[in-house]
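So the chains spell out like this:
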Amino acid sequence: MTEAIAKTYGVEIHKPKDGHVKKTAQETTAEPQGLSFLDWQRRVAREEGRLLDELLGKETEKDKRETAGEVLSGRQVSIFWRRTACCHKIFIRLALEAGFLSCLVVYIIYICRSLNRKGGFIMYQDEYKRWLGADLIDCDLGKELRDIEGDDEAIKERFAAALQFGTAGLRGTLGAGTNRMNIWVVRQATQGVADWVKGEGGTQTVAISYDTRLKGWTFAKEAAGVLAANGINVRIYDEPMPVPALSFATRFYKANAGIMVTASHNPAKYNGYKAYGPDGCQMTDDAADVVYNAIQKTDVLTGAKYMPFAEGVEKGLIKFVGEDCKEGLYKNIEACQVRPGLCKTAGLKLVYSPLNGTGLVPVTRVLRDIGIDDVTIVPEQEYPNGYFTTCSYPNPEILAAMEKGVELAKKEGADLMLATDPDADRVGIAMKCPDGSYELVSGNEMGVLLLDYICAGRQEKGTMPKDPVAVKSIVSTPLADAVAKHYGVELRHTLTGFKWIGDQILGLEKKGEEDRFIFGFEESYGYLAGPYVRDKDAVVASMLICEMAAYYRSKGSSIKARLEEIYSQYGRYLNKVDSFEFPGLSGMDKMKGMMENLRKDPIKELAGKKVTKVIDYLDTAATGLPKANVLTYELEDGSSVIIRPSGTEPKIKAYYTTKGKDLAEAQAAKDKMAEAVKPYLS
């Protein structure tokens, strides 16, 4: 009977070898009695939440989704596996109450129906066939589906899971299927956003921007069409514009939400979809949960409402972002100058690369406005090109993305080489050294340099607010704490993710004190000065970096020289990050086990140095921050290591901070500590 049931639902049953299961005659002929499928579902629904807490040790739906397991690309969570885990436990309990065979039959029915039911896990081959037979509009999708016909692995990779919506929105490879970025996944996600917006009141408006990635404008238009069909007003940029422009437009139009079509600095095959709240900051956990639940109820091909873009424009529901908004952004950025007018006479020579992204227009406009005219653009990386043909990974944190710019800087004799990533929320630089070579500046070093420059300049000009506040993430360098203390600035620590820095600004804004905020940064090359937006802004950072370089040049100095002065004053800090990868479906379980072991058996000593303090960020009472799966170990010599599992990839990161009389000593200390940490994370 069980084989027949399984066959009906297309599930293969593997029989145990003879003798492995003993059955009585009564058991082999018994029909399920006293436990209907509906009873089973009710029991599962009643016990699933509690059992998930037991199995995963988590409390919120977001935690459960993130911890249950990461499938295929490491970003998609399979609800099926957590439901199956619950069913196993429930089955054992009910077997004692209703009989083994009765429970087994109903259990098989439940799992089969779970795999096939709407809103659950449709068999991926069936879903593939449904897409193959649909009018997908985008001809690229149909061709891709025809090309993979008969390739089970390729079909499974695209349809066995779905891209997961969270506070960071969506991100994935371009292509056909629920596990890819395409117009249908964008429509489905936008319907979820629309359902949330409709329950929020307010202006019933959503702002939209997009970067230069492949299909960026297409996805932006599709999102606008879904919103318009739901009666929601749209303000969309008429050209690719960066993350800070989207955040600003969301606030400028008092919108309920914002949508940024981008995959940041990922390779060309990716695109993504970031959602923002009414404050211009990335969506909160609570809002993301509402959107996620709405998406789960929306069929990816037929569930979203849709109106053609032109129709939305004709009806007045879709409008382009106005010049007043664009000019307002530039005005607010330029108001963050520390020494206005300085750059007009400093003679700074700059090489800049937008890495074929959105930075070209806003960065060059702002630099021109403040008086920096000698700007040479890297020609191969000047104009929009979503293929990023000059660098496979357009990330200004890495040398490969900066190479062409550095080569040009050497040729031109530039004081500085600067590059922004495709959505212009991160910026990296190469500074000129006394011997004529160019050295990359880390995100931590630039964060400290900008904090020092802003504080010193504002004090000199008398523009420092009363009780100034700066903010950094917990994994960013503690050298910033020493600098802030020197200038009498309160430096607040937040969890990793710029939304938490935005949350600190929001807290000040609610008290009418947003002008107290002077600077925020993360070690991952994200900076913000001023409360006008609530996400990383490479445009204002580029302006301030150039102003800083111009100032030191006018004094016969340089960024390099000032950095060495800071190290001389506060000590030679070194900050490095090591990553430990755990691929495969078991990777997340391994990571979870390692973090549990570190908590059960705390590290007491590393590289011969005693651990003097352990900070567990699951203990919100002790940290004063939201719960996070992060551990910090402080050592007796002042060094530290932070252990943090990635929230989006199957890897654990170790952030090291060491200090020495020079770089060699600090590096040696880091190497010893890294060797001591390795056994705990392997």
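None of the values given here were measured: they were computed from a predicted structure.

**Describing the sheet that holds strand 10 (residues 375-377)**
Then, in step 1: The strand order across the open sheet built from five strands is 10-9-11-12-13, with neighbouring strands paired in mixed fashion. Of all strands in the sheet, those with a lone pairing partner are strand 10 and strand 13 (438-441), marking the two edges. Adjacent strand axes in the sheet meet at a mean angle of 25° when their direction is disregarded.
Then, in step 2: Direction of pairing for strand 9 (residues 350-353) relative to strand 11 (residues 416-420): parallel, over a ladder of four bridges. Each bridged residue has a counterpart across the sheet, and for Leu 350 the counterpart in strand 11 is Leu 416.
Then, in step 3: On the sheet, helix 19 (residues 443-461) packs against strand 12 (427-432) and strand 13 and is oriented at approximately 85° with respect to strand 13.
Then, in step 4: Packed on one face of the sheet, helix 22 (residues 538-554) meets strand 9, strand 11 and strand 12 and runs near 175° to strand 11.

**Structural notes on the nonpolar core**
Then, in step 1: Of all hydrophobic cores here, the largest spans 90 residues; its most connected members are Ile 429, Met 446, Phe 519, Tyr 527, Tyr 532 and Ile 559.
Then, in step 2: In terms of residue count, the dominant contributor to this core is helix 22 (13 residues).
Then, in step 3: Apart from residues no more than four positions distant in its own chain, Tyr 532 is found in contact with Phe 248, Arg 251, Leu 329, Asn 332, Ile 333, Cys 336, Asp 537 and Val 540.
Then, in step 4: Counting residues in hydrophobic clusters, the runner-up holds 52 residues, among them Phe 159, Leu 163, Val 193 and Val 234.

**Quick notes on the packing of aromatic side chains**
Then, in step 1: Here the structure, examined in full by the defined rule, presents twelve aromatic pairs.
Then, in step 2: Centre to centre, the rings of Tyr 453 and Tyr 551 are 5.8 Å apart; their planes meet at 55°, and the pair counts as tilted. On the criterion of sequence distance, the pair formed by Tyr 453 in helix 19 and Tyr 551 in helix 22 is long-range, its members being 98 residues apart. For the pair formed by Tyr 453 and Tyr 551, the shared burial category is buried.

**Remarks on the environment of Ser 437**
Then, in step 1: Looking at the element boundaries, Ser 437 is found in the loop between strand 12 and strand 13.
Then, in step 2: Judged by relative accessible area, Ser 437 falls into the partly exposed class, the value being 30%.
Then, in step 3: Each C-alpha atom, one on Ser 437 and one on Lys 410, is 7.5 Å from the other, the two residues being 27 residues apart in sequence.
Then, in step 4: Ser 437 has contacts with Met 431 and Lys 432, leaving out every residue within four places of it along the chain.

**A few points about the packing of helix 19 against helix 20 (residues 479-487)**
Then, in step 1: For the pair helix 19 and helix 20, interaxial distance at closest approach is 9 Å and the crossing angle is 5°. The orientation of helix 19 relative to helix 20 falls into the category roughly parallel. Only Leu 479, Ala 480, Val 483, Ala 484 and Tyr 487 of helix 20 make contact with helix 19, whose side of the interface consists of Val 448, Leu 451, Asp 452, Cys 455, Ala 456 and Gln 459.
Then, in step 2: Of the residues that constitute the contact of helix 19 with helix 20, the class distribution is nine nonpolar, one polar and one charged.

**A short note on helix 26 (residues 663-677)**
Then, in step 1: The end-to-end C-alpha separation of helix 26 is 21 Å, in line with the 21 Å expected for 15 residues at 1.5 Å each.
Then, in step 2: When we look at burial in helix 26, the residues that qualify are Ala 666, Lys 670, Met 673, Ala 674, Ala 676 and Val 677. Seen from one end, helix 26 has its buried residues packed into an arc of 160°, which puts them on one side. With respect to the buried face of helix 26, the exposed residues turned more than 90 degrees away are Ala 664 and Lys 672.
Then, in step 3: Lining the buried residues of helix 26 we find strand 18 (572-581), strand 19 (605-606), strand 21 (631-635), strand 22 (640-645) and strand 23 (651-660).
Then, in step 4: Two or three places before Ala 664, at the start of helix 26, stands the capping residue Asp 662, its side-chain oxygen 3.3 Å from that residue's backbone nitrogen.

**A few points about the pairing of strand 11**
Within a regular strand, the side chains alternate between the two sheet faces.
Then, in step 1: Burial analysis of strand 11 places five of its five residues in the buried class, the great majority of the element.
Then, in step 2: Along strand 11, one buried face is formed by Leu 416, Leu 418 and Thr 420 and the opposite face, lined by Met 417 and Ala 419, is buried too.
Then, in step 3: Bridge count between strand 11 and strand 12: five bridges; the pairing is antiparallel. Residue pairing across strands places Leu 418 opposite Ile 429, the latter belonging to strand 12.

What counts and what doesn't
- Residues numbered from 1 in each chain as written.
- Predicted model: local features only at pLDDT ≥ 70, side-chain atom pairs only at ≥ 80, totals over all residues.
- Heavy atoms only, no water.
- Pairing = 2+ DSSP bridges.
- Helix = DSSP H or I, 4+ residues; strand = E, 2+ residues; numbered from the N terminus.
- Axes fitted to C-alpha atoms, helices over the stretch in contact; angles between N-to-C directions.
- Contact = heavy atoms within 4.5 Å.
- Core = buried A, V, L, I, M, F, W, Y, C linked by side-chain atoms within 4.5 Å.
- Buried < 20%, exposed > 50% of the residue type's maximum accessible area, 1.4 Å probe, protein only.
- Phe/Tyr/Trp six-rings, centres within 6.5 Å; stacked < 30°, edge-to-face > 60°.
- Parallel < 35°, antiparallel > 145°, perpendicular 65-115°, else oblique.
- Nonpolar A, V, L, I, M, F, W, Y, C, P; charged D, E, K, R; others polar.
- Expected span 1.5 Å × (residues − 1).
- Arc of directions from axis to C-beta.
- Polar contact = N/O pair within 3.5 Å; in protein donor to acceptor, adjacent residues only side chain to side chain.

So yeah, pure geometry; function would need other evidence.
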